[in-house]
Structure formats: C-alpha cells, structure tokens
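An overview of the molecular structure
These are the residues of each chain, in order.
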Amino acid sequence: MFERLVPVRTEGQLSSRLGRRAGGFHLGQVPADRVPDMITRSVCGYCSVGCGLDVHLQGGRAIGITPSPTHPVNQGSACPKGWELLAPMEAHDRAGTPMRRSPAGRLEPVSWPEALRAFVSGVREVQAAYGPDSVAFLSTGQIPSEEIALLGLLARSGLGIRHGDGNTRQCMASTVVAYKECFGFDAPPYTYADLELGDVIVFWGANPAIAHPILWERALRNPNHPEIVVVDPRRTETAMVATHHLQLRPKTDLALAYAVGHVLIRDRLVDRRFVEAHTSGFESYAAHVKRFPPSVVAADCDLAESEIEALAHVIGTGRAVSIWWTMGVNQSHQGVRTAQALIALALLTGNIGEPGTGANSITGQCNAMGSRLFANTTCLFGGRDFENPEHRAAVAGALSIDEAVLPREPSWSYDRIMEGIASGAIRGLWVIATNTAHSWINQSDARELLGRLEFLAVQDLYHDTETARFAHLLLPAAGWGEKEGTFINSERRLGLIKAVRRPPGQALADFWIFKAIASAAGCAALVAPWESPEAAFRLLQRLTAGMPCDITGVDGWEHIDTGAAQWPYPDGADRPSPGEVERRLFSDGRFHTPDGRARFVVDDPTPPPERLSSSYPLVLLTGRGSSAQWHTGTRTSRAPALRLLAPEGGVVEIHPDDAAVRGIATGDPVEVRSARGSMAATALVSPTVRRGEVFVPMHAASTNQLTFPVFDPHSRQPGYKHCAVDVRRR
Ligand code: SF4
C-alpha cells in the first residue's frame, strides 16, 4: 500500500484562518464608520464553490463582508477572494460611461442612446455586408442565470446571431460531454457533504487547496480520517497535504485510469450487483482495459507498478469513495474520455448515489452551472435538445414566443468562432464579461484575430482589459454586488446575489443592457416577459419543468437565500422535504439515459500533440497559482490585499536539475519560450515539478503567449496544460 505523506499547512488554509480571526473580532473594536446597521446575505461572485457571504451595510451602503456562518456551503469560512469582493468594485478605474472609438481611433465617451444605436448599427452593418452569421458573441459563467438566459434569447432569436459561446468552454466543457454520454444528462451527482462522509477521497488533476479552498477545508474536516489521494504531475499544495500522491507524467491520466480499472476487475474488486443492475457497456469496458495492465502502463505514466496497484486497491476497498477532478482532466486533448474513465471507476465500484461517493467534477466559475443549463448555445434552455419537437414546444410555451424563432442547432464552439474570425466568416463580435485577449489559448493569434474585427463591442466592468483595448464600442457594466440574480454552484445549489451598492456612473446591470439593446434593435416584444431578474427567474423555473434539473418547486428568491435549494427541486410529489439541505443524484440507481443505465465509454489514449524538441525540451504545465487571484486578474488585481498575497508578474517553477544545467537560481529573471511566443518570469527552483517540466500560473498576462492550441475533439475544450517550452536566463 501507499506510504503516508507528512501534512503541511497550505496557503488556502492559512488565509482562510487568518480571515476568520479577522472576521471574529468584536464590533466594539471596529471604528464607528465600519459598524453595520444591517447585514444581508449574498453568494460569492468568483468561483463555483458558491460560498454564502454576509454583506455588512451602513445606511444602505456595503461596508464589509464576512463569511456566512450558517450557509450550508462554507459554514463561516471564505478564501481571500471572498473576503475582498468589494475592493475591485470600488476601484477608481471602473467603467462608468459608454465609449465609442472615433474615426481617428480614439475612444470617446458617448451617451447610452448613442451607444445603443452604435451597437445595433455595428451588428446590422456587418450582418448586411457579410450575412447574418457574420456576428458572434462570447460570454461568461460570471453573470447570473437570468442574464445568461436573456442574452441567449436576445442574441439568437432577436438579433439573428447564430453563433455564441462562453468562457465556460475553457473550463468544463469536457465534463459536460462526459456526463451527458455516461449519465444521459449533464448532472454532477454529488453534494459537498460527500467530502465529509467518505473514507477515500481522490483528487485527480485538481488542486482544491488553492483552487477551491473551502472544499478543501471540508475534506480536512472529514471525521473518518480519509485516505486523500492526489493524482497530479505537480506536487501541488493539495498533494503536499494528501496522504498519497501519484506524480504521474503529464497527460497519461487516461492510461492510468484504465490500468486502475484493469486491476479492479482482475482482483475482483468490482461491485457486480451495481454494475449488472445499473450500467451498460461493462463487457466492452472490461475487454478494453484488459490491454492496460500496470506492468505496461507504469512506464508510460512514469509511476511504479506498485503505485497503480495501490491506487486501485484504495478505490476498490474503500467503504465510500469519491473521485473529484477539475482542469487537470478537462483541459486536455482527451478531456472527455479521461473524465469518462474516472466515471467508470465510480461505476465499477458502485461509488455513486451514496453518501461520501461520486464521480465529481468541480467546475470553475460562480455560475458555470447556470451557463450549462441556460446559455441557449450548446443546448436549448433547461438542458433541452434543439431538435426535439417536444422540447422546442415546451420552451416556446414557457417563454410565450413562436417556436420558429428558436435556434435549431447548437452554436459554434469558442474555437470555431475564433477560426471563423481567421477565415473571415466572423467579422463582428460581442464580448460580455470575459477577456479573450488574455485567456484564450495561443494568445498572440487571439489578439491578432481581435484586431481584424470590423466591429467589436466589449461589455465589462473596466475599460482597460486586454480585450477592451481592441474594442470599437465599450459598454460599462455593473458587477457583483450591484445587481440581482441567481447562480448555481458545482453541487447544483442555487444562490442569490443582491444589489448592495450603486454601480459607478452610468454603468448598468447586464440584464438592463440586454433589455435596452432589445428595445434599440426593435425586438422588445421578444423579451417583454423578462420584466426584471426576479420575473426572469420564474421563466427559468418554467423552462426546467419536467427536466432532470427541474426547479419548479423552489419558492422564489427567499427560498434560494436560505441556501437550501439544490436541483432537482420539482414541484409536486418529488419535492424535497422542508429540512433537506443536501441532495445527491442517482441514489435509486436510475440514470437519465433511455434505458436508465449509466454507460461505460472508452477510447485509446493518444500522446499530446506537441512533441518536445531540442529547442523546446521542457513540458509547460499551467494552473491556478494562488487562492488570492482569479483567472485573468481583471478584478483581483485591483484588490490591494489580494495583490499582497499574490504579487503580480510571472513566476516559473523549475526543477533543481533543469535549473542547474541552465545556471538558474531562485529569483533570477528568466524567459520562458515556446514556438509561439515568450514571457518574462522570475525563476522559482523547486522540486514541486518533475525533472523536464515547468509550471507557470495562468494569471500572468503573457502565460497564453506560450500555450499550444489543441482541443478535445468531443468537447472542443482547449488543452492548456501541455506544450513544449524552454527556459533561459534573461
Ligand atoms: Fe468561496 Fe470560491 Fe468565493 Fe473563495 S472564491 S470565497 S472558495 S466561492
């Protein structure tokens, strides 16, 4: 069996505890201008954990935030980002006025009516010149479901924009496809309490100590002293604290998961009763994994055979085993199949539907799950099918619109939209609350493509994002704390955000910007029933009726505010009992496939497309570098406390042997180069990475100068986590 590793404290834990101490002071110690006269609850606007936050108000103005002690998700803790949510909103450089680029190339302030006219004429002129499909939109998992859905309706049915996608494509598209194919619906089966109930927790390609710190705290709170296994090429903060770490060669996860399946079957550790009663495709799966014995796979993964055998036995003999993954699995050239190989391990061992179990994808953004159900881009509203006549009729009825205006097919994916710009098929783009010029894979190409657009409208909180610099029109948006709406977190729990401060200047909630655009474009009638975010939520409820994600039984926003509503929450006989605050799926062994059985899906592993060379002999890994930064840092870099916790500038972790042959020491200025570009960084010589591999956090503005544009063929999710680079002293 495994040798146990020695635990150390992580940054996420530390900052959370520091925060709790700071939040635990007596109000008598607080200056009078910081004493609240009212506290209201909201949920965090960064990550998908969905922590409940108490917003302290004085005279109706937000003056501070503390984690909600009674919220079922975080139970009184928050990571640094949650504590500091107000600071970026109060930044002096918030966008407060619409801006239009003049013929001389300067951005100049304009009124909202002028901006709306410019938006509509910009879209219409491009469509008239190049066809209706020549304008696309790129959106986000950072805005509430009501806004995401209104955008999906307005753009695709009102403005005739056929193609649109979200930055959610970058984080969890592979899991969406994996769940749909295996479970018959995009249905993460777990509730966070499962972290506290099992005796084996496997984090596969996930670093929750940094990326999802509150979930990590909940795992550490598990009274069963669980085995915590981390599968990751890097010795992450989570791996340091885990009981076991399999430090495999990057992108060999699929073969490793098949080898684990091989051992489970060989050593009769399969739950035959569950497999026979509730799954299909086991015989094909068994024949497939027979080709992946540890003796063959160990060398590919650069692991000892005994490590693979031990992993299989921990999973196969655990009382209640949960397997959790994030971007280390999803952001891969084989992300879908890797996620499905992990789902297969849960099915093989019957670890699904019971407390402490599950094949569990943790998603990224605060409302990625809302985007998955309501974006109207990859599926029709409510997780429905664009081509299914019954689904189309249900959506048309729920929205009181003519079914003919609904799109008949999914949009192009993000990468196809970018290819469309390259080919000239897309000439106009509307970007909402995302930062393509920073976050898209192979950034130099992305920036060159944005520069080619004949019309680019950017709707965001700040006018100086890397993407906004290319814009012809800038629309100032309100952000978290300045508007209302609902999020859905990773465990399918609904959360309510509230307006607790005024947006700056003339900035408007995205909801009202969409409504204003609809009026300016002559399609106000289409969105008339969307009278307010709360009215929109009632429409969303109707859109889910009869679907696995049914929320028709949710008693309005007050109910959501309690934190006690997880989908499914149908009206009628299946409505949860009043005290039920944790819901997991598939406890009856019935899945959403036509035959009610979960499916095994397999494929052959393939190597990552970019090979190493004498010019680029190192593998670049990317990932979240700090619990104090969020993605491109558009907001978090404006919070002074977060900047102190995670100073700006690129850092590259390099193994001592690779550093020695290059004459590099910690603190040296270095250049990281790939065939596509380079970034300046500071060296951190560390055995946290394997020899021949380096790690760069995703937050640095130039990280994606390096990344190689490869996409999972089934999900079209970019594979950010493997490309060939070299590092040299500057
Ligand atoms: Fe919680 Fe995530 Fe917000 Fe941190 S960023 S407070 S973990 S929801």
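Residues numbered from 1 in each chain as written. Predicted model: local features only at pLDDT ≥ 70, side-chain atom pairs only at ≥ 80, totals over all residues. Heavy atoms only, no water.

**Observations regarding the nonpolar core**
Heads up, the rule is: Among buried residues, those of type Ala, Val, Leu, Ile, Met, Phe, Trp, Tyr and Cys that are joined through side-chain atoms within 4.5 Å constitute a nonpolar core. Burial here depends on accessible area, computed with a 1.4 Å probe over protein chains only, as a share of the maximum for the residue type. Under 20% is buried, over 50% is exposed, and the range in between is partly exposed. Each helix corresponds to a stretch of at least 4 residues labelled H or I by DSSP, and each strand to a stretch of at least 2 residues labelled E; elements are numbered beginning at the N terminus.
Ranked by size, the top nonpolar core spans 132 residues in total, and within it F119, W204, L256, L345, W430, W530 and W567 carry the most contacts. Top element by residues in this core is helix α16 (residues 335-348). It accounts for 10 residues. Of all hydrophobic cores here, the second largest spans 40 residues; its members include C47, L57, F487 and I497.

**Examining the pairing of strand β6 (residues 135-139)**
This is how the line gets drawn: Only when DSSP finds a minimum of two bridges between them are two strands counted as paired. Consider the strands pointing away from the viewer: the crossover is right-handed when the path from the first strand over the helix to the second runs clockwise.
The buried fraction of β6 is high, at 5 of 5 residues. Side chains of β6 alternate between two faces, with V135, F137 and S139 and A136 and L138 buried alike. Pairing analysis gives 4 bridges linking β6 to strand β14 (residues 428-432), with the strands arranged parallel. Bridge assignment links A136 to a residue of β14, and that residue is L429. Alignment of β6 against strand β7 (residues 163-166), held across 4 bridges, turns out to be parallel. Residue L138 lies in a different strand from β7, and its bridge partner there is D165. In the classification by handedness, the crossover that spans β6, the intervening helix α5 (residues 145-158) and the parallel β7 is right-handed.

**Digging into the packing of helix α10 (residues 253-266) against helix α13 (residues 294-301)**
The criterion, for reference: Fitted lines through C-alpha atoms serve as axes, helices being fitted only where they are in contact, and the angles separating the N-to-C directions of these axes extend from 0 to 180 degrees. An angle below 35 degrees is treated as roughly parallel, one above 145 as roughly antiparallel, one from 65 to 115 as roughly perpendicular, and anything else as oblique. With the far helix as reference, a near helix turned anticlockwise by less than a right angle produces a left-handed crossing, and one turned clockwise produces a right-handed crossing. The contact rule is simple, with two residues in contact once any of their heavy atoms fall within 4.5 Å. Each residue gets one of three labels, nonpolar for Ala, Val, Leu, Ile, Met, Phe, Trp, Tyr, Cys and Pro, charged for Asp, Glu, Lys and Arg, and polar for the others, Gly among them.
As a packed pair, α10 and α13 sit with axes 9 Å apart at the nearest point and diverge in direction by 160°. Considering their axes alone, α10 and α13 lie roughly antiparallel with respect to each other. Here α10 runs over α13; the crossing is left-handed. In this structure, α10 uses A255, L256, A259, H262, V263 and R266 to contact α13, whose residues at the interface are P294, V297 and C301. Among the residues forming the contact of α10 with α13, the class breakdown is 7 nonpolar, 1 polar and 1 charged.

**Brief notes about the sheet that holds strand β24 (residues 693-697)**
Taking strand neighbours around the barrel as the criterion, the 6 strands line up as β20-β24-β21-β23-β22-β25 in a closed arrangement whose pairing is mixed. Here the strands of the sheet are splayed against their neighbours by 45° on average, with no regard to which way each runs. With 5 bridges joining them, strand β22 (residues 669-674) and strand β25 (residues 723-729) adopt antiparallel strand pairing. For V670, the partnering residue across the bridge sits in β25 and is R729.

**Some points on the environment of M369**
Mapped onto the secondary structure, M369 falls in helix α17 (residues 368-374). For M369, a relative accessible area of 1% corresponds to the buried category. Distance in space between the C-alpha atoms of M369 and F292 is 34 Å, their sequence separation being 77 residues.

**Quick look at the pairing of strand β3 (residues 61-67)**
In terms of residue burial, β3 counts as a mostly covered element, since 6 of its 7 residues are buried. As defined by bridge partners, strand β2 (residues 52-58) adjoins β3 across 6 bridges and the pair is classed as antiparallel. Residue pairing across strands places V55 opposite I65, the latter belonging to β3. Two successive antiparallel strands, β2 and β3, enclose a turn made up of 2 residues, where G59 displays a positive phi of approximately 60°.

**Looking at the packing of helix α4 (residues 112-130) against helix α22 (residues 510-520)**
Where α4 contacts α22, the axes come no closer than 9 Å and their chain directions differ by 65°. One finds that α4 runs roughly perpendicular with respect to α22. The handedness of the crossing between α4 and α22 comes out as right-handed. In this structure, α4 uses W112, L116, F119 and V120 to contact α22, whose residues at the interface are I513, A516, I517 and A520. For the contact of α4 with α22, the class distribution of residues is 8 nonpolar, no polar and no charged.

**With respect to the packing of aromatic side chains**
We apply this condition: Two rings from Phe, Tyr or Trp (for Trp, the six-membered ring) form a pair when their centres sit within 6.5 Å of each other. Planes less than 30 degrees apart are called stacked, planes more than 60 degrees apart edge-to-face, and all others tilted. In this analysis the charged atom, NZ for Lys or CZ for Arg, is taken to sit over a ring once it is within 6 Å of the ring centre and within 35 degrees of the ring normal.
Using the criterion set out here, one finds 19 aromatic pairs in the structure. Taken together, the ring pairs connect Y179, F183, W325, F586 and F591 into an aromatic cluster. In this structure, R234 packs its charged tip against the face of F695, placed 3.6 Å from the ring centre. Looking at R427, its charged tip hangs above the ring of Y130, at a distance of 4.1 Å from the centre.

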